[in-house]
Amino acid sequence: MCGIVGYVGEKQALSVVVEGLRRLEYRGYDSAGVAVVADGLLDTRKKAGKLANLESLLGTDPLPQSTIGIGHTRWATHGGPTDANAHPHVSEDGKVAVIHNGIIENFAELRAELTSAGVTLSSETDTEVVAHLLAAVLPETDHDLAEAMRRVCRRLSGAFTLVAVHSDIPDVVVGARRNSPLVVGRGDGENFLASDVAAFIAHTRFATELGQDQVVELRRDEVVVTTFDGDPAEVTEYEVTWDASAAEKGGYETFMAKEIAEQPKAVSDTLLGRIGTDGRLKLDEMRLTDAELREVDKVVVIACGTAYHSGMVAKYAIEHWTRIPTEVELASEFRYRDPVVGPRTLVIAISQSGETMDTIMALRFAREQGAKVLAICNTQGSTIPRESDAVVYTYAGPEVAVASTKAFLTQIVACYLVALYVAQVRGNKYGDEIAAVVRELQDMPRKVDLVLDTTEEMKRIADELKDSPSVLFIGRHVGFPLALEGALKLEELAYMPAEGFAAGELK
């Protein structure tokens, strides 16, 4: 859940970085910090607690003006939420600053190596070892920070995004990615790095995806991407379809209220353009051939949390319209029970962010067994769509609230589209039957609007229930996964004990 921002350009880096961190606050964090390079010196400020604490510190102890900087909001893993454990972490010579998302699994071994070499570490984090390793390797690379990053990354195990700057190299920010999100924002005379495009969307909509095990070297007018081995890497550039205003509250009291109100448009956008001029259903990036889809004899849906519940709804639609046996698996458990998947299995991976680690690892396991993978995702350029054989995007726009609303609804719509598409390819449904279902789906935004008109009545009911010791949600057929999702929402938002039941099991 940590947030990363990096900037090099012509603007004052500190304001760009802090603004980016503010846009990433919704991810949750317990400390924040920034680093800039100015006049050949590296300067950092960091503080436990909310971003306001860091801004207060910067007010009393300002950083020098600079056009290059990095920033981080941390969610504690190694070491508690203290000032010392907050990022950035700095090398012993005070020249390298590093920020990091993820976990370095072999940090204890690396930490022991550094300690035995006489290095004094000042935090409990796994991140700090990277700063010291970069400082140690840099002289061997003729002060090439990207090459130093590549060498260090080859020694690291685990999932990580790393971003670093060096006081002797004041024109470059270097980032690295393995199993953790990192995206480049490309501007005019300026470039950005971030864990989420929301951090830089106020400045540019043009982005570049970074692939697995890649290092990026960022200058004002240049972006160079290589593999960990130093080979040139192929990258995909794309344009973000929403702007900064889409990530703001727009007059609503909370992001969640805003996103609930956006559901009719999100559903409409997910359905937009799905019927071709020939009257047949079409999907975004269907890189699976009709022949491959006709060979499928089992579907497995993998997802976590809310996406798992949308997958449970999908099971009813897929089996009903295609007659293919369908299983729904928690992605976190999928790899651990030796699942039966193979070349004739279609795995559907559902994730709003496209960066859900358990789903990524389950997807990779499925592909190793020869299964075909179709992703349903809201975030263009993220890991899950890139590593899948086909993609259906939900076009819900940014979802800032942690408790998912419009993403859940659009995931269900996308699952229905996938089920109908497979039925179309396999001949389970006639064209007019599919068109009739699509027309019903296209009427859903209007019906969602009708439900949203009951908000005041919902508030009255909520007021009556607020002191209940627990709440049971019951449902049958697709109502059962919706009951599970309702219980999850109440637990997430109100911290009330809640359970979802299949209606027939309540007794």
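Here the structure is shown first, and the text comes after it.
Residues numbered from 1 in each chain as written. Predicted model: local features only at pLDDT ≥ 70, side-chain atom pairs only at ≥ 80, totals over all residues. Heavy atoms only, no water.

A separate point is unusual backbone geometry. Here histidine 87 and proline 88 are connected by a cis peptide whose omega angle stands at 5°. Positive phi outside glycine occurs at aspartate 213, with the angle close to 55°. Considering the arrangement of structural elements, one finds aspartate 213 in the loop between strand S11 (206-209) and strand S12 (214-219). (Helix = DSSP H or I, 4+ residues; strand = E, 2+ residues; numbered from the N terminus.)

Time to look at the packing of aromatic side chains. Overall, the coordinates contain six aromatic pairs when judged by the stated rule. Note on tyrosine 7 and phenylalanine 192: the rings are 5.2 Å apart at their centroids and 50° apart in plane angle, and the pair reads as tilted. One end of the pair, tyrosine 7, is in strand S1 (residues 3-8); the other, phenylalanine 192, is in strand S10 (residues 191-194), and 185 residues separate them in sequence. For phenylalanine 192, a relative accessible area of 1% translates into the label buried. Directly above the aromatic system of tyrosine 29 lies the positively charged group of lysine 50, at a separation of 4.7 Å from the ring centroid. (Phe/Tyr/Trp six-rings, centres within 6.5 Å; stacked < 30°, edge-to-face > 60°. Buried < 20%, exposed > 50% of the residue type's maximum accessible area, 1.4 Å probe, protein only. Lys NZ or Arg CZ within 6 Å of the ring centre and 35° of its normal.)

Okay, the packing of helix H7 (residues 263-271) against helix H13 (residues 406-426) next. It is at 9 Å that the axes of H7 and H13 come closest, and there the two elements cross at 25°. Accordingly, the angle class assigned to the pair H7 and H13 is roughly parallel. Considering how the two elements wind past one another, H7 and H13 form a crossing that is right-handed. Between H7 and H13, the residues in contact are Gln263, Ala266, Val267, Thr270 and Leu271 and Lys406, Leu409, Thr410, Val413, Ala414 and Leu417, respectively. Of the residues assigned to the contact of H7 with H13, the class counts are seven nonpolar, three polar and one charged. (Axes fitted to C-alpha atoms, helices over the stretch in contact; angles between N-to-C directions. Parallel < 35°, antiparallel > 145°, perpendicular 65-115°, else oblique. Left-handed = near helix turned anticlockwise from the far one by under 90°. Contact = heavy atoms within 4.5 Å. Nonpolar A, V, L, I, M, F, W, Y, C, P; charged D, E, K, R; others polar.)

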